[in-house]
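Single-letter residue listing:
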Amino acid sequence: MDGTKRITSALLSVYHKDGLEPIVRSLHHLGVHLYSTGGTQEFIEKLGIPVTPVEELTTYPSILGGRVKTLHPKVFGGILGRRGLESDVAQLEEYAIPPIDLVVVDLYPFEATVVAGGAEEAIIEKIDIGGISLIRAAAKNHNDVVIVASMSQYPELQKILDHGKGHSTLVERKKLAAAAFGVSAGYDSAIHNWFTGGTHTLRYGENPHQPAAFHGDLHSMFDQLGGKELSYNNLLDLDSAVDLIDDLATLPGVPFAILKHNNACGCAVRSTVKAAWDAALAGDPVSAFGGVLITTSPIDKVTAEAIDTIFFEIVCAPAYSEEALQVLTKKKNRIILVRKPTAKPTRKRRAALNGTLEQAPDHVLDTPANMRTATKKTPTAGELGDLVFANILVKHTKSNAIVLAKNNQLLASGTGQTSRVDALEQAIAKAGRFNFDLKGAVMASDAFFPFPDCVGIAHKAGITAIVQPGGSIKDNESIAACDANGQAMVITGNRHFKH
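Predicted, not measured: the structure shown is a model, and the values here were computed from it.

Draft legend 1. Summary view of the overall build of the protein. The number of helices and strands found in the protein is 18 helices and 23 strands. The C-alpha atoms of the protein give a radius of gyration of 30 Å, which is well past the 23 Å a tight globule of 499 residues would have. For the protein, the spread of C-alpha atoms along the principal axes amounts to about 85 × 55 × 35 Å. In the protein, the share of contacts with a sequence separation of at least 24, taken over all contacts with a separation of at least 6, comes to 57%.

Structure below.
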């Protein structure tokens, strides 16, 4: 009833031979008839294991320089034939097509060839045709056929061969089929991106020893007016910068932010772009060195001259005056970007373990409308404005995160800490190093306070108002501590973890 099927025949066609030997030996031990092509066939023969060349099955040689090997009815008929359908079985017998119960494929390394900076001809030749067709055919007919579409799935196949003695269940086959379609989709997406100019080979990844590429259309989002090529780390910082500035743009005034390693180290909202820059830089003039600068306002000459006094990697704005560009382009490596109005992806994806995580972006923007006052003291109008500003910043800061702000200026933040107390103490210490007076400042937390200790630490530092999402079983203790200290606390109901 579990749809168990025994593997009696297998087609193996892989580019990389790593990890293949144990599978081949297990298949041979189980008496499975092996079919193969080209280099894979030679690999199996060198192991001293019998294998039938696909050319012998099809009676056609590999032609067009290897471009056509497996694309033949005797191959695809054996894979797609439905064992439980009498008409399919009859046709397989009529045309002497042997059923194929297992297909093992490892595709040509298209993406690796692109990342390595291969010539166009070499990249084109690494577009797998037969392999991708085998994957889709076997995955479609997973009711009868086991498909292994990448080396990462070898352990699952080995389990079927060792523990199942070559017998697979429908659940196992369906799981492998789903993974196979994922491989196919990712492969085709990479090819599409390359053809549309959406694949950019980067100098390297996070570190010089890591090859890297960007898949997307940067030109639809930015015009680059000068500087070196964008790096992997530049792109990560830009992604964080764009997300942050778009939220800050909902506030009255002109926002300016400085980012390092995906976190804001300086940020302010003021009536002019120059005033916003001055206040943002004052937040941490040390970390601003080598940072990414972003604003929603055109940059004029006076602002450009102020920016020109420090070393930075990137400046991004919607426009620049001619005089501003004359100032900013004096240093050839500076990356000067003009941001264009472009829709951002509706999903966030990242590789994790042997798969991909996907989620909707955090588009929740907390405003006074959803900030519920939980304490006896209500925040003043000025405090409430600062709480909204600080809460936007903490949303875009690596967790655990604490942000301290006053007068729409980032005073300090605690980023990426394993405890909320550590994040707060880091922020207070940093504010002290730059001589900020925290009396009357506000505090934002990306998640709830599990204990009231942060409230006491904040009060001692001079913080008068706090915003947090709430949700702790000890919320009442934190609220009571605020009441005892004469602090205001508002609760949003929205957590903003960022990892």
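Draft legend 2. The arrangement of the packing of helix α8 (residues 130-140) against helix α10 (residues 170-195) in detail. The interhelical angle for the contact between α8 and α10, taken along N-to-C directions, is 150°, at an axis separation of 9 Å. If you check the angle between α8 and α10, you find them roughly antiparallel. Along this stretch, α8 crosses α10, giving a crossing that reads as left-handed. In this structure, α8 contributes Ile-132, Ile-135, Arg-136, Ala-139 and Lys-140 to the contact, and α10 contributes Ala-177, Ala-180, Phe-181, Ser-184, Tyr-187 and Asp-188. Class assignment for the residues of the contact of α8 with α10 results in 7 nonpolar, 1 polar and 3 charged.

Draft legend 3. Examining the side chain of Arg-420 more closely. Along the polypeptide, Arg-420 turns up in helix α16 (residues 420-433). In this structure Arg-420 comes out as buried when scored by relative accessible area, which is 8%. One polar contact links the side chain of Arg-420 to the main-chain carbonyl oxygen of Phe-448, over a distance of 3.5 Å. In contact with Arg-420, other than residues within four places in its own chain, are Asn-400, Ala-401, Ile-402, Ser-445, Asp-446, Ala-447, Phe-448, Phe-449, Cys-454 and Phe-497.

Draft legend 4. A look at the pairing of strand β2 (residues 9-14). Burial analysis of β2 places 6 of its 6 residues in the buried class, which makes it a mostly covered element. Burial of β2 is two-sided: the residues Ser-9, Leu-11 and Ser-13 facing one way and the residues Ala-10, Leu-12 and Val-14 facing the other way are all buried. Pairing of β2 with strand β3 (residues 33-36) involves 4 bridges; the strand directions are parallel. If you follow Leu-12 over to β3, its bridge partner there is Ser-36.

Draft legend 5. Structural context of the environment of Ser-133. Mapped onto the fold, Ser-133 is located in helix α8. In sequence terms Ser-133 and Ala-282 are 149 residues apart; their C-alpha atoms lie 59 Å from each other.

Draft legend 6. Geometry of the sheet that holds strand β5 (residues 102-106). Taken in spatial order, the 5 strands line up as β4-β3-β2-β5-β6 in an open sheet, and their pairing is parallel. Two strands bound the open sheet, and with one partner strand each, they are β4 (52-53) and β6 (146-148). Two strands pair when backbone bridges link them, and β3 and β4 are joined in this way by 2 bridges, in the parallel orientation. In the strand pairing of β4, Ser-36 is matched with Pro-53. Across the sheet, helix α2 (residues 38-46) lies against β2, β3 and β4, angled at about 140° from β3, the strand it touches most.

Draft legend 7. Structural context of the environment of Ser-297. Tracing the backbone through its elements, the reader meets Ser-297 in the loop between β13 (291-295) and α13 (301-307). Sequence spacing of Ser-297 and Ala-317 is 20 residues, and the spatial spacing of their C-alpha atoms is 6.3 Å. Those residues within four positions of Ser-297 in sequence are excluded, and the remaining contacts are Val-254, Val-273, Ala-317, Pro-318 and Ala-319.

Draft legend 8. Main features of helix α17 (residues 453-461). Every buried residue of α17 is accounted for by Cys-454, Val-455 and Ala-458. For α17, the buried positions fall inside an angular range of 100° around the axis, keeping them on one side. Buried residues along α17 sit in contact with α16, β21 (442-445), β22 (465-468), α18 (475-485) and β23 (488-491).

Draft legend 9. Geometry of α10. Compared with an ideal rise of 1.5 Å per residue, which puts 26 residues at 38 Å, α10 spans 37 Å between its outermost C-alpha atoms and is within 8% of the ideal. Residues of α10 that are buried include every one of Arg-173, Leu-176, Ala-177, Ala-180, Ser-184, Tyr-187, Ala-190, Ile-191, Asn-193 and Trp-194, and no others. Directly beyond the C-terminal end of α10, a positive phi value near 75° is found at Gly-197.

Draft legend 10. Region of interest: unusual backbone geometry. Omega for the bond connecting Ser-399 with Asn-400 falls within 30 degrees of zero, at -15°, which places this linkage in the cis form. With respect to the helices and strands, Asn-400 occurs in the loop between α15 (381-395) and β19 (402-406). Not every positive phi belongs to a glycine, and Leu-353 is a case in point at roughly 50°. When you line up the elements, Leu-353 lands in the loop between β16 (348-352) and β17 (355-359).

Draft legend 11. Focus on the pattern of salt bridges. Under the definition given, this model contains 21 salt bridges. Notably, a salt bridge pairs Lys-344 with Asp-246, separated by 2.9 Å at the nearest N-O pair. Of the two residues, Lys-344 is situated in the loop between β15 (335-339) and β16 and Asp-246 in helix α11 (residues 232-248); the sequence distance between them amounts to 98 residues. Linking Asp-284 and Lys-430 is a salt bridge whose minimum nitrogen-to-oxygen distance equals 2.7 Å. In this pair, Asp-284 sits in the loop between α12 (273-283) and β13 while Lys-430 sits in helix α16, placing the two residues 146 residues apart along the sequence.

Draft legend 12. Focus on the pairing of β21. Burial of the side chains of β21 extends over both faces: Val-442 and Ala-444 are buried on one face and Met-443 and Ser-445 on the other. Sheet analysis places β19 next to β21, joined by 4 bridges and oriented antiparallel. Each bridged residue has a counterpart across the sheet, and for Leu-404 the counterpart in β21 is Met-443. Between β21 and its parallel partner β22, the chain crosses via α17, and the hand of that crossover is right-handed.

Draft legend 13. Here's a closer look at the packing of α16 against α17. The contact between α16 and α17 brings their axes to 10 Å, and the two run at 10°. On the basis of the axis angle, α16 is roughly parallel to α17. Seen from α16, the contacting residues are Arg-420, Val-421, Leu-424, Glu-425 and Ile-428; seen from α17, they are Asp-453, Cys-454, Ile-457, Ala-458 and Ala-461. Its residues assigned to classes, the contact of α16 with α17 shows 7 nonpolar, no polar and 3 charged.

Conventions adopted
Residues numbered from 1 in each chain as written. Predicted model: local features only at pLDDT ≥ 70, side-chain atom pairs only at ≥ 80, totals over all residues. Heavy atoms only, no water. Helix = DSSP H or I, 4+ residues; strand = E, 2+ residues; numbered from the N terminus. Rg over C-alpha atoms; globule rule 2.2 N^0.38 Å. Contact = heavy atoms within 4.5 Å. Axes fitted to C-alpha atoms, helices over the stretch in contact; angles between N-to-C directions. Parallel < 35°, antiparallel > 145°, perpendicular 65-115°, else oblique. Left-handed = near helix turned anticlockwise from the far one by under 90°. Nonpolar A, V, L, I, M, F, W, Y, C, P; charged D, E, K, R; others polar. Buried < 20%, exposed > 50% of the residue type's maximum accessible area, 1.4 Å probe, protein only. Polar contact = N/O pair within 3.5 Å; in protein donor to acceptor, adjacent residues only side chain to side chain. Pairing = 2+ DSSP bridges. Arc of directions from axis to C-beta. Expected span 1.5 Å × (residues − 1). Salt bridge = Lys/Arg side-chain N within 4 Å of Asp/Glu carboxyl O. Right-handed = clockwise from strand over helix to strand, strands pointing away.

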